[in-house]
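Breakdown of the fold
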Amino acid sequence: MSELKAKKILAELVKKSGCTYSVDNVLTIFRNKDAKYSNKRLGALLTQLFKTTPNGAKYVDEFVSSNSKDTYAALVLVLNNFLQDCKTQHSEKSVVQAEKAQPPVVDSVSKRVTLFETPPLSSTRIAVPEQITPENVQEIREKLVQAAIGSAANRSSGSIPAALVPQTFDYMAKKGPIVSWNFNYEELYPMQNKNVAAIPLSSQEPIVLKELLDCLMGVKGSLIAPKKTIHSPGLYPVEFEVSDQIGESLKDMVREILPLASHYSQVQDFIAASSSLESGQVLQALRAALQTIINDYYLSITQLEELFLKQQLTFHKLLYLLRPVFHTMEVLAEIVTAIRQTNCRGGTVLTLLHDKITSTMGDEKSQKVLIHLIEMAAVPYMEMLQLWIFNGVIHDPRKEFLIEHHEMDLNENELMDYWEKQYTIRMDKVPCILNKYADIILRTGKYLNVIRECGSSVDYNQQICVTLKYTHSEHQTYIKSIEDAYNYASSSLLNLIMDKYNLMGRLYSVKRYFLLQQGDFIDQFMDTCEEDLNKDVDDLRPMRLENLLEVTLNMSSARYDEYHDDLKTMLLPYGIVTQISKIVKKEDVFLDTLGDTSQLKGIECFTFNYNAQWPVSIVLNRWTISKYQMIFRLLFYLKYVERILCRVWIANNRTKQFAPQTAKLYRSAFTLRQKMLIAIQNFESYMMIEVIEPNWHLFYQNIKQIKNIDDVLNYHQDFLDQCIKNCMLTDPDLLKAVINLCNICIQFCTFLADATSMEPTETFSERVEHFRCDFTNQIKSLMHKITDIATQNPSEKFINLIHRINFNSYYSDNFDN
């Protein structure tokens, strides 16, 4: 049983019972999508609907006892049973009445010569003589005209004579027994055949003309009828069968006009198919606009019927009068067919209509119709847009709008996920009229939602908060409203984050710790934690590191930073090179892995973390913090190597107490130590002085001219990306070379502290020379890689690093080779 029939049955029940709910409300309640109505509650509503119906409790019990999870399907089943019972009762009543009544005396059909029967919508019958002669042709014509008058009068009044409507449909009679005029009434009563072969051509014309007018309004005749097809209705043009009884000249004119009936049928089928609420608000609005045009079309056909009744209409005149309608109806048929073939909804429908307007450039009449359609269809879409850009709310039950909302828990996803994934653009639902503005539409609503999450609100003035209406013209006022709403929302959020939540203060705090700008704090922290960080990472206790960090923060000048409590320690289960590869692959760098950490030291896995609060976490999100961590880990490792090399320098001072020959033995080792220290310090100063500080200064200057929070995000990401790129962190091979260079320095310092790692046949000088060769080869390899990168992607900063490392031209000869 179709939803449309269910609606009609419900309409009758609602009216008789006096229920306060509308039919659509009842259907929505029984769909029970959120499962907020119990079966008991639904049964009570059904009891109210059937209270005026005999044996109504039977159907209520049937619904409740089914205990179905799909309550809507159960409702349809109950209504179907109710309909079948009504039919059965009426049939039994008709049989009883027939037995009581005396059968009327009628002529045998075999004794009647019926050359043609009454038109199907006529309330009268024509008595046809047994033989047609020239004398009674005029009498037949007059009776045909009278029959046509009755037919037109009934159709123009929008109803069908009660005598022709089966009594089993009495309870739906007030809603109209025919859904739409589209060749679908044959189930209500059978068609009667006509035989016009014996009628002269001049007498055939009014009969065929009358059937053709009916056909143009979706009424099937016996001389002109649509062919049955296996294709889905409405997707392909309707083909018609024209009776062979009609003369060839009339056939040609009929076939010339029938495409209009085909286009009309396609439009009517679309109107019926899109009546379901599941089709969405845009299609519902388009359907209403099409129905208005079809009503005007009905009026045109009715006027033609009036001419026909006055015997002032011929085929040639009909073809002339219909000519302006042909192309318009053809355009409408193309539109509805394209919509059904692509199964488009929402914004895609508006794009299709807009493209059709563009393709009909020069056809003013068709364009006028199409513009009317797109402006009417856009009304609900613009209402959704207005609600989003002025309130940050999405009301889109049928998934038609260009913005999609993903439910997310702010507490668990208060960083990048909330900002990037909470609201996204449905690219397939963006109408072409809003393509250029989809991004600012998305951001406008996002800004409003962030402000709401912060406990604040945005009060638009009356000049900004206006009713959005789509107009197909060069001056599109709704575009200015979108831009005004965006500018107001973005400036409101920017002021909130920059002033109330002190974003720049937070960024300065992060810079102090992650970029080693708080010098005394870093030195004290390394003094406190160096022993722990030299241990295997599996032997470290994170809580101890956290306590040592807290002690260091309170002892150093960092205690004056009001946000220092947000700084935390963190041990990642992988080294810095692995973290780089994760970021390049856009993997979650905070997700714990099951990798082997047995060979990793604490210094290789240690980093800081920062717990920024909402809404500052929009800027200092997890992805951003991971980039800060990359820079910090390399700087921290270089600082660690520098400290070890400085200890060797202290040992170097003690050799002054040695005998001259012993001191000479250590001279080559301390010379190598000095070259290592200079190289490591040059790496540090290059990163901090030539990369970080200039980019921070540029970032700070850009912040002074920002207009929205997205500018802050973009400038901040540019700052970090430039720092990461010029600090050699984007190339894993280059980063490995730097780490290997640091490891050689650490191994050399360990050797000087305890020379037991030598082979039995290896002397101290040979071991030092071995380290010197490794260090020299590694640094030359590193400079070659930096030169290759600088050649492919010219960067003065990379060249500056080479000059720093090779400042005394020590590596010039070897490096040039």
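Provided above is the structure to which this section pertains.
Right, let's get into the state of the cysteines. Taken as a whole and judged by the stated rule, the model has zero disulfides. Free of any disulfide, cysteine 646 has its nearest neighbouring cysteine sulfur in cysteine 749, separated by 9.3 Å.

One way to put it is that helix α14 (residues 438-453) packs onto helix α15 (residues 477-500) with a least axis distance of 9 Å and a crossing angle of 40°. Judged on the interaxial angle alone, α15 and α14 are oblique. Like other packed secondary-structure pairs, α14 and α15 cross with a definite hand, here left-handed. Across the interface between the two elements, Ile440, Ile441, Arg443, Thr444, Tyr447, Leu448, Val450 and Ile451 of α14 pack against Ile482, Glu483, Ala485, Tyr486, Ala489, Ser490, Ser492, Leu493 and Leu496 of α15. Of the residues that constitute the contact of α14 with α15, the class distribution is twelve nonpolar, three polar and two charged.

Moving on: the packing of helix α2 (residues 23-31) against helix α3 (residues 39-49). It is the contact of α2 with α3, at a shortest axis distance of 11 Å, that shows an interaxial angle of 150°. Relative to α3, the element α2 lies roughly antiparallel. Between α2 and α3 lies a crossing whose hand is left-handed. Between α2, through Val26, Ile29 and Phe30, and α3, the contact on the second element is made entirely by Leu42, Leu45, Leu46 and Leu49.

For the rest of this paragraph, the subject is the packing of aromatic side chains. Per the stated rule, a full pass over the model turns up 34 aromatic pairs. Seen from their ring centres, phenylalanine 30 and phenylalanine 63 are 5.5 Å apart, and the 80° between their planes marks the pair as edge-to-face. Remark: phenylalanine 63 occurs in helix α4 (residues 56-66) and phenylalanine 30 occurs in helix α2; sequence separation between them is 33 residues. Accessibility expressed as a relative area gives 0% for phenylalanine 30, which makes it buried. According to the relative accessible area criterion, phenylalanine 63 is buried, its value standing at 2%. In this structure an aromatic cluster arises from ring pairing among Tyr513, Phe514, Phe521, Phe525, Phe606, Phe608, Tyr628, Phe632 and Phe636. Over the aromatic face of phenylalanine 326 sits the side chain of arginine 323, whose NZ or CZ is 5.6 Å from the ring centroid. The ring of tryptophan 696 carries the charged tip of lysine 511 above its face, separated from the ring centre by 5.2 Å.

With that settled, the discussion passes to the pattern of salt bridges. Tallied over the full model, the rule gives 28 salt bridges. Linking lysine 16 and glutamate 12 is a salt bridge whose minimum nitrogen-to-oxygen distance equals 3.7 Å. One end of the pair, lysine 16, and the other, glutamate 12, are both in helix α1 (residues 3-17), four residues apart, so they sit about a helical turn from each other. Arginine 340 is the salt-bridge partner of aspartate 269, the closest N and O atoms lying 2.3 Å from each other. Of this pair, aspartate 269 sits in helix α8 (residues 248-273) while arginine 340 sits in helix α10 (residues 315-342); the two residues are 71 residues apart in sequence, bridging distant segments of the chain.

The terminal C-alpha atoms of α15, which comprises 24 residues, lie 34 Å apart, in line with the 34 Å expected from a rise of 1.5 Å per residue. Every buried residue of α15 is listed here: Tyr478, Ile479, Ser481, Ile482, Ala485, Tyr486, Ala489, Ser490, Leu493, Leu494, Leu496 and Ile497. In the segment just after α15, asparagine 502 is the residue with positive phi, at about 50°.

Right, let's talk about the environment of leucine 540 for a bit. Tracing the sequence through the fold places leucine 540 in the loop between α17 (519-533) and α18 (542-555). Classification of leucine 540 as buried rests on a relative accessible area of 9%. Each C-alpha atom, one on leucine 540 and one on leucine 571, is 9.1 Å from the other, the two residues being 31 residues apart in sequence. For leucine 540, the contacting residues outside a window of four places in its chain are Asp532, Lys535, Leu545, Leu571 and Gly602.

Note the cis peptide between tryptophan 614 and proline 615, where omega equals 5°. By secondary structure assignment, the location of proline 615 is in the loop between β6 (606-610) and α21 (622-654). Despite not being glycine, asparagine 343 shows a phi value in the positive range, around 50°. With respect to the element layout, asparagine 343 can be found in the loop between α10 and α11 (347-359).

Among the secondary structure elements, glutamate 256 is positioned in helix α8. Between the C-alpha atom of glutamate 256 and that of leucine 319, which follows or precedes it by 63 residues, the distance is 8.2 Å. What glutamate 256 contacts, discounting residues up to four positions off in sequence, is Leu319, Arg323 and Phe326.

Cut-off values and rules
- Along every chain, residues carry numbers that run from 1 in the direction the sequence is written.
- Per-residue local features of the predicted model are confined to residues with pLDDT of at least 70, and side-chain atom pairs are confined, for both listing and counting, to 80 or more; whole-chain, interface and lining totals are unaffected and use all residues.
- Calculated side-chain values reflect all of the structure's heavy atoms, with hydrogen atoms and water omitted.
- In this description, the term disulfide denotes a pair of cysteine sulfurs within 2.5 Å.
- Axis definition: a line fitted to C-alpha atoms, over the contacting stretch in the case of helices. Angles run 0 to 180 degrees between N-to-C directions.
- The numbering of helices and of strands both runs from the N terminus, where a helix is a DSSP run of H or I of at least 4 residues and a strand a run of E of at least 2.
- By definition in this entry, angles of less than 35 degrees are roughly parallel, angles greater than 145 are roughly antiparallel, angles of 65 to 115 are roughly perpendicular, and the rest are oblique.
- Crossings are classed by handedness, with left-handed meaning an anticlockwise turn of the near helix from the far one by less than a right angle and right-handed meaning a clockwise turn.
- Contacts: residue pairs with any heavy atoms within 4.5 Å of one another.
- For this classification, the nonpolar set comprises Ala, Val, Leu, Ile, Met, Phe, Trp, Tyr, Cys and Pro, the charged set comprises Asp, Glu, Lys and Arg, and every other residue, Gly included, is treated as polar.
- Two rings belonging to Phe, Tyr or Trp (six-membered ring only in the last case) form a pair when the distance between their centres is within 6.5 Å. Interplanar angles under 30 degrees mark stacking, angles over 60 mark edge-to-face geometry, and anything in between is tilted.
- Partly exposed describes any residue whose relative accessible area lies between the buried limit of under 20% and the exposed limit of over 50%, with all areas from a 1.4 Å probe on protein chains only and scaled to the type maximum.
- Counting as a charge over the ring demands two things of the Lys NZ or Arg CZ atom: a distance within 6 Å of the ring centre and an angle within 35 degrees of the ring normal.
- A pair is scored as a salt bridge if a Lys or Arg side-chain nitrogen falls within 4 Å of a carboxyl oxygen belonging to Asp or Glu.
- Multiply 1.5 Å by the residue count of a helix minus one, and that product is the helix's expected span.

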